[in-house]
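Commentary on secondary and tertiary structure
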Amino acid sequence: MGLIGEVLLLPFAPVRGSAWVVRQVLSEAERIYYDPATVRAELARLEERLEAGEIDEDEFDRQEDELLDRLETGLNPGAGTDDWTS
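Attention in this report is confined to the structure presented alongside it. Computed from a predicted structure; not experimentally measured. (Residues numbered from 1 in each chain as written. Predicted model: local features only at pLDDT ≥ 70, side-chain atom pairs only at ≥ 80, totals over all residues. Heavy atoms only, no water.)

Topic: helix H4 (residues 57-75)
- Over its 19 residues, H4 extends 26 Å from the first C-alpha to the last, a length consistent with the 27 Å expected when each residue adds 1.5 Å.
- Phe60, Gln63, Leu67, Arg70, Leu71 and Thr73 are the residues of H4 that are buried. In a view along the axis of H4, the buried residues occupy a sector of 165 degrees, so they form one face of it.
- Where H4 is buried, its residues touch helix H2 (13-34) and helix H3 (36-51). (Helix = DSSP H or I, 4+ residues; strand = E, 2+ residues; numbered from the N terminus. Expected span 1.5 Å × (residues − 1). Buried < 20%, exposed > 50% of the residue type's maximum accessible area, 1.4 Å probe, protein only. Arc of directions from axis to C-beta. Contact = heavy atoms within 4.5 Å.)

Looking at the side chain of Arg70
- Tracing the backbone through its elements, the reader meets Arg70 in helix H4.
- A residue is classified by how much of its surface remains accessible, and Arg70, at 10% relative accessible area, is buried.

Regarding the nonpolar core
- Residues Val39, Leu43, Leu46, Ile55, Phe60, Leu67 and Leu71 constitute the largest nonpolar core, which totals 7 residues.
- Secondary structure elements with two or more residues in this core: H3 and H4.
- Other than its neighbours up to four places away in sequence, Leu67 contacts Val39, Glu42, Leu43 and Leu46. (Core = buried A, V, L, I, M, F, W, Y, C linked by side-chain atoms within 4.5 Å.)

All we've got here are geometric facts, nothing functional implied.
Dropping the structure here:
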């Protein structure tokens, strides 16, 4: 982009910077969400809740399925996540 284009787009620089920050935050949040260590820790906490009687078998099975789906996605990068921010 030429000098004139840069000058004309200068008022939008804060918006472009904000969009970059949002993309970075979303990327980090997704990395943590699908991190296998995080998911395994959540599975362990879920099992503790079941053993303590805080949740029933049906709720355990539902949440376990969700966590196992996340674990599978985290172990297979690119499978199941859309990179719409690029």
